Amino acid sequence: MMYSFVESPYLVGFDSSWRLSEAKTKSARDSDKKTEKKRLKSIQKNIVEFQKRLYAEQRQSLLIIFQAMDAAGKDGTIRAVFSGINPQGCHVTSFKRPTAEELAHDYLWRVHNACPRKGHIEIFNRSHYEEVLITAIFPQILQHQQLPTRTLSEEFALRYRTIRNFEKHLADTGTRILKFWLNIGKAEQRRRLLRRMEDPERHWKHESGDLDMRDRWVDFMTAYETALTETSRSWAPWYAIPADDKPQMRSMVADIVCRTLMQMDPQYPTVSQEQRSVIASDRLRLIAKDE
């Protein structure tokens, strides 16, 4: 089966040959903040229109996944790109630490339950990929998941295979999948974290745990490289988006989302002649009642 996907210089290839060294944290595009905001606003209009059609059609759905290091701008990008969309047809899920009920099931159980229904856009702010990222850095987490006895290499090989199959199942049943890794540089992350600490109005964003994650930067980059190469496929592509410039990053994400919706080409439902006759009759009935 052939799967459609949007071409982009930031697309992670499907043959597992992509390497982190290829991923840029800064775009070569020469544009200023004002230009990028204008570009984003223009793209948003098209996203809003296509989302209306998607919601009316009720035959397809779109799952958008965001992963990144802390301070890369996931929250702000979601707000900026999807501003103006009908909230009835768009939802954001942020996956927190699993509950006791969730731990009693396999790790994809809660994820499958959060996937979009037909006609909807679902956005994952972090996702099931935490199960091959955080667990790769802190494998002791697996001790709480009541797993069958396996070596770590066996466990992760199985997880990657399971994720690929899970996402393929979603694609085969009408859900398009987009996955964005917002690739922030270590120096830019430091600047943003310091700004949080130095601005009282941003203190609410600060978590000491972010520094613990930063201390394992190299390990996380290795884990991201493995995760992206193992799971970027034509039915669920990854895009490694340069994240050091927020306005550029947001317009890049919006462009890929918009072009994906264009490929999906949702249509308003066709109204039959019989239905048109009923509508015409109901119109006359309504007019007559109010006279």
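Refer to the structure presented above.
Reading guide: rules and limits
Residues numbered from 1 in each chain as written. Predicted model: local features only at pLDDT ≥ 70, side-chain atom pairs only at ≥ 80, totals over all residues. Heavy atoms only, no water. Helix = DSSP H or I, 4+ residues; strand = E, 2+ residues; numbered from the N terminus. Contact = heavy atoms within 4.5 Å. Areas by Shrake-Rupley, 256 points an atom, 1.4 Å probe, with all protein chains shown as cover. Lys, Arg positive; Asp, Glu negative; His and termini not counted. Charge placed at Lys NZ, Arg CZ, Asp CG, Glu CD. Buried < 20%, exposed > 50% of the residue type's maximum accessible area, 1.4 Å probe, protein only. Pairing = 2+ DSSP bridges. Core = buried A, V, L, I, M, F, W, Y, C linked by side-chain atoms within 4.5 Å. Axes fitted to C-alpha atoms, helices over the stretch in contact; angles between N-to-C directions. Parallel < 35°, antiparallel > 145°, perpendicular 65-115°, else oblique. Left-handed = near helix turned anticlockwise from the far one by under 90°. Nonpolar A, V, L, I, M, F, W, Y, C, P; charged D, E, K, R; others polar. Expected span 1.5 Å × (residues − 1). Salt bridge = Lys/Arg side-chain N within 4 Å of Asp/Glu carboxyl O.

**Here's the deal with the overall build of the protein chain**
Right, so step 1: A count of helices and strands for the protein chain gives 11 helices and 5 strands.
Right, so step 2: Projected onto its principal axes, the C-alpha coordinates of the protein chain cover approximately 75 × 50 × 40 Å.
Right, so step 3: Partitioning the intrachain contacts of the protein chain with sequence separation of at least 6 by distance along the chain shows that 83% fall at a separation of at least 24.
Right, so step 4: Of the accessible surface of the protein chain, which amounts to about 16,000 Å², a share of 51% is contributed by carbon and sulfur atoms.
Right, so step 5: Computing the positive centroid from 47 side-chain charges and the negative centroid from 39, the protein chain places the two 4 Å apart.

**Things to note about the pairing of strand S5 (residues 238-242)**
Right, so step 1: Among the 5 residues that make up S5, 5 are buried, leaving the element largely enclosed by the rest of the structure.
Right, so step 2: Side chains Trp238, Ala240 and Pro242 project from S5 onto one buried face, and the interleaved Tyr239 and Ile241 project onto a second face that is buried too.
Right, so step 3: Here strand S4 (residues 175-183) pairs with S5 via 5 bridges, running parallel. Looking across to S5, one finds that Lys179 is bridged to Trp238.

**What about the nonpolar core?**
Right, so step 1: The biggest cluster of nonpolar side chains holds 77 residues, and the ones touching the most others in it are Ile64, Phe180, Leu182 and Val257.
Right, so step 2: No other element matches helix H10 (residues 246-264), which puts 9 residues into this core.
Right, so step 3: Apart from the residues within four sequence positions on either side, Ile64 is in contact with Phe82, Ile121, Glu122, Ile123, Phe124, Leu178, Phe180 and Val257.

**Quick word on the packing of helix H2 (residues 74-81) against H10**
Right, so step 1: Packing of H2 against H10 brings their axes to within 10 Å, and their N-to-C directions diverge by 55°. As far as their axial angle goes, H10 and H2 are oblique. Relative to H10, H2 is oriented so that their crossing is right-handed. When H2 is examined against H10, the residues Gly76, Thr77, Ala80 and Val81 are found in contact with a partner set consisting of Met249, Arg250, Val253 and Ala254.
Right, so step 2: Residue composition of the contact of H2 with H10, grouped by class: 5 nonpolar, 2 polar and 1 charged.

**Some details on helix H1 (residues 33-57)**
Right, so step 1: Under the 1.5 Å per step criterion, the end-to-end length of H1 is 36 Å for 25 residues, consistent within 8% with the ideal 36 Å.
Right, so step 2: The inward-facing, buried residues of H1 abut strand S1 (61-68), H2, strand S2 (90-94), strand S3 (121-125) and H10.
Right, so step 3: Of the residues flanking the end of H1, it is Gln58, one or two places downstream, whose phi is positive at about 60°.

**A few points about the pattern of salt bridges**
Right, so step 1: In this structure the tally under the stated criterion is 17 salt bridges.
Right, so step 2: Here Glu49 ties to Arg53 by a salt bridge, and the two come within 3.5 Å at their closest N and O atoms. One end of the pair, Glu49, and the other, Arg53, are both in helix H1, 4 residues apart, so they sit about a helical turn from each other.
Right, so step 3: Assessed through its relative accessible area of 28%, Glu49 is described here as partly exposed.
Right, so step 4: Taking the shortest distance from any N to any O, the salt bridge between Asp172 and Lys168 comes out at 3.3 Å. Highlighted residues: Asp172 and Lys168, both in helix H6 (residues 152-172), separated by 4 residues, approximately one helical turn.
Right, so step 5: Residues joined in a network through salt bridges with shared partners are Glu131, Arg150, Glu155 and Arg159.

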